[in-house]
Amino acid sequence: MRRTGPEEDVAGADAWQLGGMPGGLLQASYLTPGRYAAQYRAIVDVLLAQQQHTLTGVAAADLPDLIRAHLAASDADPALVEEVGFDLPARMTSLERWGVVDRFQDRALRDADFIRNLDRYQLTEIAAQLHQAVTTLGQDAATAAAATLAPGVLTANLTQLRDLAEPDPGEAANAWSIILNTHQSMARAAAGWQARLASALAGTPTVDKITVVQETLRRYVDMWGAGVDVHSETITRRVNELSAVSDGVWRAVAARMLGPNVDDPAIVDLVGTYRQTLETLRSWFDGPDCQARRLRRQMRDTIGPLLRGQRTLAAIGGHMSRRAELLALAARIEAAGDDEAGWQVWCNATGLYAARHLPGVAPAPAGNPSASSWWESDTVPVEARLRKQGPRGTTGAPARLADNTGNRKIARANAVAQQSLAAQTEAAVMARSGMRLSDWPPISEAETTLLLQFLTAMLRGRSAAAGTRTATTGDGRWSLRAEPVPGGVDAVIHTPAGRLVHPDLILHISATTTGSIG
């Protein structure tokens, strides 16, 4: 889906287009067709790769096998070609409509060829150039490597060009080729460095961003660090000397570079390119505000944000810190009048309290009364035919659904039994509220679990001066108060698994106002 804003809906001629400014590129539409972008890019990848092997395009009959091989080479499943959502004729029609491919017919040599699809496809020139640029996005390593020691390479070849421009136009043309390639690689590497730095320095520092800054800075220092100071003066002097060379000498070098059959306009254009390249090199290396020195200052300025980012990451351990918020919350809880007020502050701040316990039996799912939860339903096997063919595999008579009525009844009965057992356990423990632990009779396994939960909560509770402790269980359902028993005798409670020995105390248990006893 193409998103348009109110300004894009305005009808009429655009003054920018009338002014000669280039607008949208229709061939790039294959990169933004929503869910089919991966399919279009795979097709264009295959067609671009085949341009290295054939001048007559790719036959429609061969295209599926080529796409399968491309998917396999990309560690993808070749069976995606048989996917229902992959309509190859429709994709090729769209690519032709956008000007990405040219479609033409192969010659029919036999009678059988008249009933075959003889379409052949070839990428258009613009689409091929566009996709070559797309496939190199983010691959700046080769460009940066080509720019290694660029100032030194420029110095050597500018010197050779000065010495050989007039006596040996052939060697001068070779030097020019190296200078042009080095200059282009240097410009692309510098643009890539600046783009990576701008992206890495924006927003909150992360480990990946800090790594990008460190890598870019190290690469710049290795390649250009001292080269700018060492070679800038020599490059500037050579550029000034070559700028004084006459057009006649440059025309001889251009003629040697373009060949004997070149026409005069091409020579004039190439001589103009020589002059423009010399001016560009002057802007890069001449003067205190040249491009090379500005780039070095930008690299220098990244050291401060780099150190701040590393300190930030070291302080927070690679994650965003909520220390300030937690300390503020702790202060609010500490300032609360009592435990209930403090607990309410905690519940309001975290929002966990309401979701911790839902009393009562969960109602049946809305809508279909016989529907069952995903958690309680039995697994249903999916046939291989349905997995491979999708909706097409469901044609024919519908299969009978499994009857899970009995399983649902068993699940509901188990839930009712568990709730009844929990209610009995809580009632039994509540009946011992106010008793000394040493007076408790033997308890069941479920009662032992609940008592251990209470004792654990008591350990985290507040202790008054008289030794009395108060606490609320983690689920907020029970308020506890323990009074010490003079004498320091340990209480022994018999459980099915053995004996529970604990310092004797008087344990008061009560349900909170929002808790449920069952």
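Overview of the structure. Please read these numbers as outputs of a predicted model, since none were measured by experiment. (Residues numbered from 1 in each chain as written. Predicted model: local features only at pLDDT ≥ 70, side-chain atom pairs only at ≥ 80, totals over all residues. Heavy atoms only, no water.)

**Structural notes on the sheet that holds strand β3 (residues 119-123)**
In step 1: Ordered in space as β1-β3-β2, the 3 strands form an open sheet in which the pairing is antiparallel. At either margin of the open sheet sits one strand with a lone partner, and together these are β1 (58-59) and β2 (101-105).
In step 2: Bridge analysis of β1 against β3 gives 2 bridges, and the strand direction is antiparallel. The residue bridging V58 from the neighbouring strand is Y121, located in β3.
In step 3: Running at roughly 115 degrees to β2, helix α4 (residues 88-97) makes contact with β2 and β3 of the sheet. (Pairing = 2+ DSSP bridges. Helix = DSSP H or I, 4+ residues; strand = E, 2+ residues; numbered from the N terminus. Contact = heavy atoms within 4.5 Å. Axes fitted to C-alpha atoms, helices over the stretch in contact; angles between N-to-C directions.)

**Things to note about helix α2 (residues 37-50)**
In step 1: Counted at 1.5 Å a residue, the expected span for α2 with its 14 residues is 20 Å, and the 20 Å between its end C-alpha atoms agrees.
In step 2: Every buried residue of α2 is accounted for by A37, Q39, Y40, A42, I43, V44, V46, L47 and L48.
In step 3: Of the surrounding secondary structure, the elements contacted by the buried residues of α2 are β1, α3 (63-73), α4, β2, β3 and α5 (125-135). (Expected span 1.5 Å × (residues − 1). Buried < 20%, exposed > 50% of the residue type's maximum accessible area, 1.4 Å probe, protein only.)

**Regarding the nonpolar core**
Taken as a class, soluble globular proteins show a tendency for nonpolar side chains to be buried jointly.
In step 1: L158, L161, W176, W250, L281 and F285 are the most contacted members of the largest nonpolar core, which has 43 residues in total.
In step 2: With 12 residues, helix α8 (residues 169-200) is the single largest residue contributor to this core.
In step 3: The residues touching L161, leaving out its near neighbours within four places in the chain, are A172, A175, W176, I179, L242 and W250.
In step 4: The next biggest cluster of nonpolar side chains, apart from the first, holds 26 residues, and it includes L48, L95, L123 and V134. (Core = buried A, V, L, I, M, F, W, Y, C linked by side-chain atoms within 4.5 Å.)

**A few points about the sheet that holds strand β4 (residues 435-436)**
Paired through backbone hydrogen bonds, the strands of a sheet run either parallel or antiparallel to each other.
In step 1: The strand order across the open sheet built from 5 strands is β4-β10-β7-β6-β5, with neighbouring strands paired in antiparallel fashion. Across the chains shown, the open sheet's two edge strands, defined by having one partner strand only, are β4 and β5 (462-463).
In step 2: Examined bridge by bridge, β4 and strand β10 (residues 505-511) share 2 bridges and lie antiparallel to one another. Considered in β10, the bridge of M435 is made with L507.

**So, the side chain of R432**
In step 1: You can see R432 is positioned in the loop between α19 (405-430) and β4.
In step 2: Engagement of the side chain of R432 in a polar contact is seen with the backbone oxygen of A428, the distance being 2.9 Å.
In step 3: When neighbours within four sequence positions are excluded, R432 is seen to be in contact with W440, P441, P442, I443, E447 and L507. (Polar contact = N/O pair within 3.5 Å; in protein donor to acceptor, adjacent residues only side chain to side chain.)

**Remarks on unusual backbone geometry**
In step 1: Despite not being glycine, D75 has its phi angle at roughly 60 degrees, a positive value.
In step 2: Inspection of the secondary structure assignment puts D75 in the loop between α3 and α4.

**Focus on the packing of α2 against α5**
Think of two packed helices as two axes; the pair is described by the angle between the axes and how far apart they sit.
In step 1: Contact pair α2 / α5: the axes reach a minimum separation of 11 Å and the direction vectors enclose 110 degrees. In terms of orientation, α2 lies roughly perpendicular with respect to α5. Contact with α2, carried on its side by R41, V44, D45 and L48, involves A128, H131, Q132, V134 and T135 of α5 and no other residues of that element.
In step 2: Tallied by class, residues from the contact of α2 with α5 come to 4 nonpolar, 3 polar and 2 charged. (Parallel < 35°, antiparallel > 145°, perpendicular 65-115°, else oblique. Nonpolar A, V, L, I, M, F, W, Y, C, P; charged D, E, K, R; others polar.)

By themselves, these observations are geometric and do not establish any function.
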